[in-house]
Amino acid sequence: MNVDFSKSGEGLVPAIIQDAQTKNVLMLGYMNQEALDVTLKTKKVTFYSRSKNRLWTKGEESGNYLQLVDIQNDCDKDTLLVFVHPQGPTCHKGTATCWGGTNDQEYGFLSKLEMIIASRKDNSEDPNSYVASLFRKGINKIAQKVGEEAVETVIEAKDDNDELFLNESADLLFHYLILLQAKGYSLNDIVKTLQGRHQ
């Protein structure tokens, strides 16, 4: 890799550590040429510690190694993006990230929608909530709605009205997310099943 270690004056470049699967940023460290070489050779992310003035491999004491997946250099060749599979918590304080957050898989708006559905499930007595009313009616009604929306999606797929197709597809996905919650599952469970098939 053609990395410009000269810009900092210390022979170091920032290395942003990102989970290769969840895409969450886990930590920030610094690498010199030797740390990069060791990382590439051992496949265990190694940094240069500015406080200890030596190389250190993340996990060398805790066993929570960062297994290297890939490294990308930025456009100025002075910052590294390091994709890893973390073997346990990343932060020395025991949290998944050095910002104290979790390292859960997120799906943008779909994850937000899952949270809203879960909230409606927890408050299923709300008389003004359509989702709560479905939970009150039980699994059979929810499954029936998924079936109805699936049929309507198929029907619209055979026609040429894209707007209707997209609306029915949205209805199908929405009701499917409700069904998952009713069964005690989430999108993450489906993704894990698909990943298992992919391997």
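Predicted model, so just to flag it, every value in this text is computed and none were measured.

Reading guide: rules and limits
- Residues numbered from 1 in each chain as written.
- Predicted model: local features only at pLDDT ≥ 70, side-chain atom pairs only at ≥ 80, totals over all residues.
- Heavy atoms only, no water.
- Helix = DSSP H or I, 4+ residues; strand = E, 2+ residues; numbered from the N terminus.
- Rg over C-alpha atoms; globule rule 2.2 N^0.38 Å.
- Buried < 20%, exposed > 50% of the residue type's maximum accessible area, 1.4 Å probe, protein only.
- Contact = heavy atoms within 4.5 Å.
- Areas by Shrake-Rupley, 256 points an atom, 1.4 Å probe, with all protein chains shown as cover.
- Lys, Arg positive; Asp, Glu negative; His and termini not counted.
- Charge placed at Lys NZ, Arg CZ, Asp CG, Glu CD.
- Polar contact = N/O pair within 3.5 Å; in protein donor to acceptor, adjacent residues only side chain to side chain.
- Arc of directions from axis to C-beta.

Asker: What is the right way to read the overall build of the chain from this model?
Answerer: Within the chain one finds 6 helices and 6 strands. In sequence order, the chain lays out its α and β elements as β-β-α-β-β-β-β-α-α-α-α-α. Computed over the C-alpha atoms, the radius of gyration of the chain is 23 Å, more than 25% above the 16 Å expected from 2.2 N^0.38 for a compact globule of 199 residues. Expressed as a percentage of the 199 residues in the chain, the buried residues total 34%. Within the chain, contacts between residues separated by at least 24 positions form 47% of all contacts whose residues are at least 6 apart in sequence. As displayed, the chain has an accessible area near 12100 Å², and 51% of this comes from carbon and sulfur atoms. Averaging the locations of the 22 positively and 28 negatively charged side chains of the chain gives two centres separated by 8 Å.

Asker: Just checking my understanding: could you explain the side chain of Thr46 for this structure?
Answerer: Structurally, the position occupied by Thr46 is in strand β3 (residues 46-49). Of the polar contacts made by the side chain of Thr46, one reaches the side chain of Thr57; its length is 2.9 Å. Residues contacting Thr46, with those up to four places away along its chain left out, are Met31, Ala35, Val38, Thr39, Leu55, Trp56 and Thr57.

Asker: Before we go on, may I ask you to explain helix α1 (residues 33-42) in this structure?
Answerer: An α-helical segment advances 3.6 residues per turn. Residues three or four places apart therefore align on the same side. Considered for burial, the residues of α1 that qualify are Ala35, Leu36 and Thr39. Along the long axis of α1, the arc covered by the buried residues comes to 100°, so they all point the same way. On its buried side, α1 packs onto β2 (25-31), β3, β4 (54-57), β5 (66-73) and β6 (80-86). At the N-terminal end of α1, a side-chain oxygen is found 3.2 Å from the backbone nitrogen of Glu34, two or three residues along, and the residue is Asn32. One or two steps after α1, the chain reaches Lys43, where phi turns positive at roughly 65°.

Asker: What is the right way to read the environment of Ala15 from this model?
Answerer: Its location among the elements puts Ala15 in strand β1 (residues 13-19). The class of Ala15 is buried, set by a relative accessible area of 0%. C-alpha of Ala15 to C-alpha of Gly184: the two residues are 169 residues apart in sequence and 38 Å apart in space. Setting aside anything within four residues of it in sequence, one finds Ala15 in contact with Met27, Leu28, Gly29, Tyr30, Met31, Phe47, Leu80 and Val82.

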